[in-house]
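Examining the three-dimensional arrangement
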Amino acid sequence: MIIAVDGPSGAGKSTLGRMLARELGLLYLDTGAMYRAAALAVMRSGVSTRDSAAVAEVVNKARLNLEGDPDSLRVTLDGEDVSEEIRSEEVSHNASVISTISEVRRSLVACQRQLAERGRGAVLDGRDIGTVVFPNADIKFFLTAQPEARANRRYEEDRLRERDASFEDTLADINQRDRRDSTRADSPLAIAEDAIVIDSTELSIDEVFQRMVQEIKERA
Ligand code: DC
């Protein structure tokens, strides 16, 4: 069973993807974490993110892996746990930039398909899961929310992590990433034709979760 959870940043994909995977006993794959780990590999190599060929070479050589349960998912780069390091602002920015490079996408999509086949099914969250990675997924969700609501969630998370970005900067960053992720030529963020769209601007995490579980039950 493959469940796709796509949508823009801050829409709640990873929280809900984790909850669904736990509920259904499936693997959880955070594909954004893979783009982030790939970006970290590029940053560490010293290669410019503008040099597409060099970036692709670094990403092809990097050993990226996702390990563990939905609640304790760890991301490794060449065997090193980089789960915390990939959450920085700089990595977020660079992940969005290198994810526009087709060869990077090809390499990560192949890896995502392989990882998803390890278990009896998987919940994958990302931008292109229902459109490109698993166009035949059993069920596709597209989670979204107004940019202000998404920025507010991110701002609250950052405050808990004692990061001091302002709300305005967070909103500007969300808008910039939305624009880049939706307008790139290869596999842009898009709603699959058969996706169930849930706007969570006015909903709690639990309400969205109940809705997703209901949809899955109806289709099972
Ligand atoms: O979901 P996230 O914020 O961790 O993702 C980081 C970046 O990776 C995001 O700006 C776009 C890119 N990404 C992508 O292009 N395709 C995916 N399936 C997942 C993430």
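An account of the accompanying structure is given in this report. (Residues numbered from 1 in each chain as written. Predicted model: local features only at pLDDT ≥ 70, side-chain atom pairs only at ≥ 80, totals over all residues. Heavy atoms only, no water.)

Some points on the packing of helix α2 (residues 31-45) against helix α3 (residues 52-61)
At their nearest, the axes of α2 and α3 sit 9 Å apart, and the two run at 115 degrees to each other. When the interaxial angle is binned, α2 and α3 end up roughly perpendicular. Read as a crossing pair, α2 and α3 show a hand that is right-handed. Facing α2, whose interface residues are Ala-38, Ala-41, Val-42 and Ser-45, α3 presents Val-55, Val-58 and Val-59. Considering only residue class, the contact of α2 with α3 consists of six nonpolar, one polar and no charged. (Axes fitted to C-alpha atoms, helices over the stretch in contact; angles between N-to-C directions. Helix = DSSP H or I, 4+ residues; strand = E, 2+ residues; numbered from the N terminus. Parallel < 35°, antiparallel > 145°, perpendicular 65-115°, else oblique. Left-handed = near helix turned anticlockwise from the far one by under 90°. Contact = heavy atoms within 4.5 Å. Nonpolar A, V, L, I, M, F, W, Y, C, P; charged D, E, K, R; others polar.)

Here's the deal with the pairing of strand β6 (residues 122-126)
Burial analysis of β6 places five of its five residues in the buried class, which makes it a mostly covered element. Both faces of β6 are covered, namely the face carrying Ala-122, Leu-124 and Gly-126 and the face carrying Val-123 and Asp-125. Sheet analysis places strand β1 (residues 2-6) next to β6, joined by five bridges and oriented parallel. For Val-5, the partnering residue across the bridge sits in β6 and is Asp-125. Bridge count between strand β2 (residues 27-30) and β6: four bridges; the pairing is parallel. In the sheet register, Tyr-28 faces β6, and the bridge partner there is Val-123. (Buried < 20%, exposed > 50% of the residue type's maximum accessible area, 1.4 Å probe, protein only. Pairing = 2+ DSSP bridges.)

Details of helix α7 (residues 147-160)
One full turn of an α-helix is made of 3.6 residues, so residues set three or four places apart face in the same direction. When the terminal C-alpha atoms of α7 are compared, their 20 Å separation across 14 residues agrees well with the 20 Å that a helix rising 1.5 Å per residue should span. Those residues of α7 that sit buried are Ala-149, Arg-150, Ala-151 and Asp-158. Within two residues after α7, Glu-162 carries a phi angle of roughly 60 degrees, on the positive side. (Expected span 1.5 Å × (residues − 1).)

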